[in-house]
Amino acid sequence: MAMREILSELNGAVRRGRSVAYTALVETRGSTPQKAGAVMLVYEDGSQAGTLGGGCVEAEVKRRALRLLDDGDTELMTFNLDNNYGWDDGLICGGRMTMLVDPVREPGDLEYFETFGEMLETGCGCTEAVVLDREKSHGGAPADRFLLDAHGQLVTSRATESRPGVVDDSLRSLASRRRPYVEAGVSFMPQQSRCRLLIVGAGHVGQEVARMASSVDFDVWVVDDRAEYCSTERFPEAQRLLVGPIDQALSGLEIDSNTFCIIVTRGHNHDEEALYHLAETSAAYVGMIGSRRKIKLIYEDLLGEGVSRNALRRVCAPLGFEIGSQSVPEIAVSIVAELVAARNLEDWPAGQGRPSLVDELKSPAGETTGGVE
């Protein structure tokens, strides 16, 4: 479950009078079955939502969470994956996992979680800072948490002491650090701004990509000139459906650095029209389906129309990871996997580091090399 789903579940359950233990993996070292950022809710009856990786460690966290739900306070728990927690799961690999367990018993305890959930529901990026070590952080109690917005401003906290200075000193921007990290005795857990996925083409591939992408937390927009294809029946998960000529639908459409674009239309001309409008935008990702021959023909036309070679180098074409995909679901898996990599990895290069087919083409007369670097 995504963090926003976990928070929605927690807030709803506690408002209905059901106590919940919020558990989160806040630090890992070495080889572990799950990485920092995993979250799980434990209910009084022993049921759960989400997972911390399964196995003996998760079972022990659940056992401790149930005890804390009775009368305990927030606690940090550390597990070394050695003989004590490795035999049943094959986890004897020397890794270490630190878990936060926070019992939430009544609506008065929800302020932090409600604010956190509201930020994620509106798509705002933020970072949760969790104090792990008082000595290293020069202040703050272990398990104290501070929620900071995308600009580094404190939004709310669930803490017994004031925020240590190292929280501000060690906080990195969401763009430069997309995954959890630990510095100066504090675990920083970034939550990226929600990303929009613009799917140009409402055919079978676009439909399957929309379904999968929505499940991994992309907001889906779909563009097509056919109302019978670009419909709520075919795209129930879409936030927006844009029906009309592709040229008109894309002209002036807001495309920012949180927008990912894929071009999967039914034909060469529509693909070219879409890429003309998207190649030189500030989109985080632009990918286009098709054969090498078709892609090169489109690139030749666009170079002749003044689209820069540097802009076309950023395009992932053919899009998707090479997995030998044949069926529509397999093609969608390869595309969504690449989208997730582009969103989650700080060092993910434009074009996935693959040689661009545009560099196999001769420069047409009048071509410029300006544009997006």
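To start, this report covers the structure provided alongside it. (Residues numbered from 1 in each chain as written. Predicted model: local features only at pLDDT ≥ 70, side-chain atom pairs only at ≥ 80, totals over all residues. Heavy atoms only, no water.)

## Details of the sheet that holds strand 5 (residues 96-104)
Line of reasoning, step 1. Read across the open sheet, the five strands follow the order 3-2-1-5-4; overall the sheet is antiparallel. In this open sheet, the two edge strands, each paired with only one partner strand, are strand 3 (48-50) and strand 4 (75-80). Strand after strand, the sheet turns through a mean of 20 degrees between neighbouring axes, direction not considered.
Line of reasoning, step 2. The pairing of strand 1 (residues 20-29) with strand 5 spans nine bridges and is classified as antiparallel. Note that in strand 5 the partner of Glu 27 across the bridge is Thr 98. (Pairing = 2+ DSSP bridges. Helix = DSSP H or I, 4+ residues; strand = E, 2+ residues; numbered from the N terminus. Axes fitted to C-alpha atoms, helices over the stretch in contact; angles between N-to-C directions.)

## Some words on the nonpolar core
Note on soluble globular proteins: their nonpolar side chains tend to be buried together.
Line of reasoning, step 1. Residues Leu 198, Leu 250, Leu 275, Leu 278, Tyr 299 and Leu 312 are the most contacted members of the largest nonpolar core, which totals 32 residues.
Line of reasoning, step 2. Elements with a contribution of two residues or more to this core: strand 11 (195-200), strand 12 (218-224), helix 8 (246-250), strand 14 (259-263), helix 9 (268-278), strand 15 (285-288), helix 10 (292-304) and helix 11 (309-313).
Line of reasoning, step 3. By residue number, the principal contributor to this core is helix 10, which donates five residues.
Line of reasoning, step 4. Apart from the residues within four sequence positions on either side, Leu 198 is in contact with Trp 221, Val 223, Leu 250, Leu 253, Ile 255, Thr 259, Phe 260, Cys 261, Ile 262 and Leu 278. (Core = buried A, V, L, I, M, F, W, Y, C linked by side-chain atoms within 4.5 Å. Buried < 20%, exposed > 50% of the residue type's maximum accessible area, 1.4 Å probe, protein only. Contact = heavy atoms within 4.5 Å.)

## Let's talk about the pairing of strand 8 (residues 154-158)
Within a regular beta strand, the side chains point alternately toward one face of the sheet and then the other, so they alternate between its two faces.
Line of reasoning, step 1. Across four bridges, strand 7 (residues 145-149) lies against strand 8 in antiparallel orientation. Opposite Leu 148, over in strand 8, you have Leu 154 as the bridge partner.
Line of reasoning, step 2. Between strand 7 and strand 8, which pair antiparallel one after the other, the connecting turn spans four residues, and Gly 152 there sits at a positive phi close to 85 degrees.

## Quick word on the layout of surface pockets
It is the rolling of a water-molecule-sized probe over the atoms that shows where space remains empty.
Line of reasoning, step 1. Taken as a whole, the largest pocket holds about 1000 Å³ of empty space.
Line of reasoning, step 2. Along the walls of the largest pocket sit 31 residues, with Ala 2, Met 3, Gln 191, Arg 343 and Asn 344 positioned nearest its centre.
Line of reasoning, step 3. Of all the elements in the fold, those that place two or more residues in the lining of the largest pocket are helix 1 (3-15), strand 10 (186-191) and helix 12 (328-344).
Line of reasoning, step 4. Partitioned by chemical class, the residues of the lining of the largest pocket number 14 nonpolar, nine polar and eight charged. (1 Å grid on protein atoms, 1.4 Å probe; cavity = no way out; pocket = protein on both sides within 12 Å on 5 of 7 lines; lining within 4 Å. Points joined across faces, edges and corners; volume = space filled by probe spheres on them. Nonpolar A, V, L, I, M, F, W, Y, C, P; charged D, E, K, R; others polar.)

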